[in-house]
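# Structural overview
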Amino acid sequence: MTGNSADVSFGGKTVELPTRSGTIGPDVIDIGTLYKNTGAFTYDPGFTSTASCESKITYIDGDEGVLLHRGYPIEQLAEHGDFLEVCYLLLYGELPTKTQKDDFDYRVTHHTMVHEQMSKFFTGFRRDAHPMAVMCGVVGALSAFYHDSTDITDPHQRMVASLRMIAKMPTIAAMAYKYHIGQPFVYPKNDLDYASNFLRMCFAVPCEEYTANPVLSRAMDRIFILHADHEQNASTSTVRLAGSSGANPFACIAAGIACLWGPAHGGANEAALNMLAEIGSVERIPEYVAKAKDKNDPFRLMGFGHRVYKNYDPRARIMQKTTHEVLGELGIKDDPMLEVAMELERIALTDEYFIEKKLYPNIDFYSGITLKALGFPTTMFTVLFALARTVGWIAQWNEMIEDPEQRIGRPRQLYIGAPKRDYTPVSKR
Ligand code: SDX
């Protein structure tokens, strides 16, 4: 790369490609004219070296274990802020003043109810349906209930849809949980904060009063903060790609939920806890570590490794602290899974294989233990991840629509199939 350009030589020709520098982080080589000038595509399955957009929302330095939201370190936001403040920051780009925060909290709080007809929507699902399957269906159906906020060219409608998504996801997630366990839905209460409201909608029953434990509410709120946004991860890229066709915001978020469900992505918190349960005891850890190292064994240590973090996931460190706060508050001392988790982490951080592959515990490693202690079944773990990530998806979706450079996403391919050939009648095959 010389100066502000990079030379690419191919097929006897050399083309000069412009480069761009961001505020911090790697420069990019703009390859938009590469195919026109060389007749060749780039090839990057998994997009390990590909930037899909310019963004001001989140910055990650995987080598340094840094995560910034609009420039603010995740450690400071998790320590001093609350989730709705982080939502405001992600959506509008600045931390809110007291007046702005109060107004935003009021607007979100007063959008938490869902159309009453939606409660009938759940009855089409089996009670034992995975809550993530329910979330994909119900969130995708929101566009059937809220026609007045689907015109993506209208900034006001985009912001109404954004607020509705942030406000209604806890209500829908709690309804998915209540339907799953056969209990009646609990309506939101406007005098509760976001996390307390959610815990009450999940765990209150009509037969008795419910007051959320403030330590657990704070932990829930912090878990939401830690999962709010994470640059151009798989589900965010899915939302951006769906949005690039002009699809309505509810359909785009439903696409993000579907992608997040995968065990390599947001489904890892559920898979990590199931793995800890399968390992069962500290004595069996070496057997599973050997399986993880075995190239012929598809087993992976769920909750370990990350495409970007080749150092410790800063969220995992905060999550570990939150885990101990929650277990301490609940008086859970000898949690067998935590014992296995702590020993597995100790081994992974000292074992040559994991050090060489840079496989550190990621956020999903600890979140599963905490969510289980809070009373959620493993099937709800990725639902909670989706609830929190909705603000990140929505902020990135708005940024994409407002980006004059963005157009419908349509990657090309390297074709390795059959060359052109003529049809042969079945009698001749
Ligand atoms: C999330 O992108 C994001 O930002 C995602 C996320 C977010 O907030 O949006 O951070 C949330 O998805 C966190 C990741 C949760 N997933 C898991 O915990 C599942 C287990 N982890 C792996 O599946 C894997 O580490 C990925 C998917 C997370 C990353 O995969 P990469 O970057 O494609 O790395 P890779 O699969 O090419 O692995 C590199 C090497 C391989 O060995 P070699 O082929 O080079 O010999 O490391 C090995 C892998 O076999 N490896 C593991 C491993 N993860 C990678 N070996 C054992 N256990 C693991 N967990």
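The rules we used
- Residues numbered from 1 in each chain as written.
- Predicted model: local features only at pLDDT ≥ 70, side-chain atom pairs only at ≥ 80, totals over all residues.
- Heavy atoms only, no water.
- 1 Å grid on protein atoms, 1.4 Å probe; cavity = no way out; pocket = protein on both sides within 12 Å on 5 of 7 lines; lining within 4 Å.
- Points joined across faces, edges and corners; volume = space filled by probe spheres on them.
- Helix = DSSP H or I, 4+ residues; strand = E, 2+ residues; numbered from the N terminus.
- Buried < 20%, exposed > 50% of the residue type's maximum accessible area, 1.4 Å probe, protein only.
- Contact = heavy atoms within 4.5 Å.
- Polar contact = N/O pair within 3.5 Å; in protein donor to acceptor, adjacent residues only side chain to side chain.
- Pairing = 2+ DSSP bridges.
- Disulfide = S-S within 2.5 Å.
- Phe/Tyr/Trp six-rings, centres within 6.5 Å; stacked < 30°, edge-to-face > 60°.
- Near = heavy atom within 4 Å.
- Areas by Shrake-Rupley, 256 points an atom, 1.4 Å probe, with all protein chains shown as cover.
- Nonpolar A, V, L, I, M, F, W, Y, C, P; charged D, E, K, R; others polar.
- Core = buried A, V, L, I, M, F, W, Y, C linked by side-chain atoms within 4.5 Å.

Glancing now at the layout of surface pockets. To find the voids left in a structure, one rolls a probe of water-molecule size over its atoms. For the second largest pocket, the calculated volume is near 250 Å³. Lining of the second largest pocket is provided by 19 residues; of these, Leu84, Leu192, Asp193, Tyr194 and Ala195 occupy positions nearest its centre. The set of elements that each furnish at least two residues to the lining of the second largest pocket consists of helix H3 (83-92), helix H4 (98-109), helix H7 (155-181), helix H8 (194-203) and helix H9 (214-226).

For helix H10 (residues 234-244), every residue scored as buried is listed here: Ser235, Thr236, Val239, Arg240, Gly243 and Ser244. Considering only its buried residues, H10 is in contact with helix H11 (249-260) and helix H18 (381-402).

All right, on to unusual backbone geometry then. In the Ramachandran plot, Glu231 falls in the positive-phi region, its phi being about 60 degrees despite a non-glycine side chain. Along the chain, Glu231 falls in the loop between H9 and H10. Notably, Lys358 is not glycine yet its phi reads approximately 55 degrees, a positive angle. The class for Lys358 is partly exposed, based on a relative accessible area of 37%.

Right, let's get into the side chain of Thr38. Relative to the elements of secondary structure, Thr38 occurs in helix H1 (residues 34-38). Reaching out from Thr38, the side chain makes a polar contact with the backbone nitrogen of Ala40 at a distance of 3.1 Å. Aside from chain neighbours lying at most four places away, what touches Thr38 is Phe10, Lys13 and Val15.

Our focus in this paragraph is the sheet that holds strand S3 (residues 28-29). Backbone hydrogen bonds hold the strands of a sheet together, and the pairing may be parallel or antiparallel. With antiparallel pairing, three strands are arranged side by side in an open sheet as S1-S2-S3. Since the sheet does not close on itself, it has two edges, and those belong to strand S1 (5-10) and S3, each with one partner. Bridging between strand S2 (residues 13-20) and S3 involves two bridges; their strand directions are antiparallel. Counterpart to Arg20 in the pairing with S3 is Val28.

Here we take up the state of the cysteines. Taken as a whole and judged by the stated rule, the model has zero disulfides. For the unlinked cysteine Cys207, the closest cysteine sulfur is that of Cys202, found at 16 Å. For Cys207, a relative accessible area of 71% corresponds to the exposed category. Take Cys252: it sits in no disulfide, and the sulfur closest to it among the cysteines is that of Cys259, at 13 Å. Taking relative accessible area as the criterion, Cys252 reaches 1% and is therefore assigned buried.

This part covers the packing of aromatic side chains. Using the criterion set out here, one finds 20 aromatic pairs in the structure. Here Tyr35 and Phe41 contribute two aromatic rings whose centre-to-centre distance is 4.5 Å and whose plane-to-plane angle is 35 degrees, an arrangement assigned as tilted. On the basis of an interplanar angle of 85 degrees and a centroid distance of 6.2 Å, the ring pair of Tyr92 and Phe104 is categorised as edge-to-face. Placement of Tyr92 in helix H3 and of Phe104 in helix H4 is noted, with a sequence separation of 12 residues between them. Classification of Tyr92 by relative accessible area gives partly exposed; the value is 33%.

Here the focus is the site of the ligand. Taken together, 24 residues lie near the ligand, and His230, Lys295, His306, Arg315 and Lys357 sit nearest. With respect to the ligand, the backbone of Leu301 contributes an N or O atom lying 2.8 Å from a nitrogen atom. A distance of 3.0 Å separates an oxygen atom of the ligand from a polar side-chain atom of Asn362. Alone, the ligand offers 1,100 Å² of accessible surface; in the complex the protein occludes 78% of this. Class assignment of the residues belonging to the shell around the ligand gives a composition of 10 nonpolar, seven polar and seven charged.

Glancing now at the pairing of strand S4 (residues 58-61). Bridging between S4 and strand S5 (residues 66-69) involves four bridges; their strand directions are antiparallel. Across the sheet, the residue bridging to Thr58 is His69, located in S5. Between S4 and the antiparallel strand that follows it, S5, lie four residues; Gly65 among them carries a positive phi value of about 65 degrees.

Below, the discussion takes up the nonpolar core. Grouped together as the largest cluster of nonpolar side chains are 116 residues, with contacts concentrated most on Val139, Phe198, Met220, Ile257, Leu344 and Phe376. In this view, Phe198 contacts Pro170, Ala173, Ala174, Met220, Phe224, Phe376, Leu384 and Leu387; residues no more than four positions away in its chain are not counted.

This is a description of form; function is not addressed.
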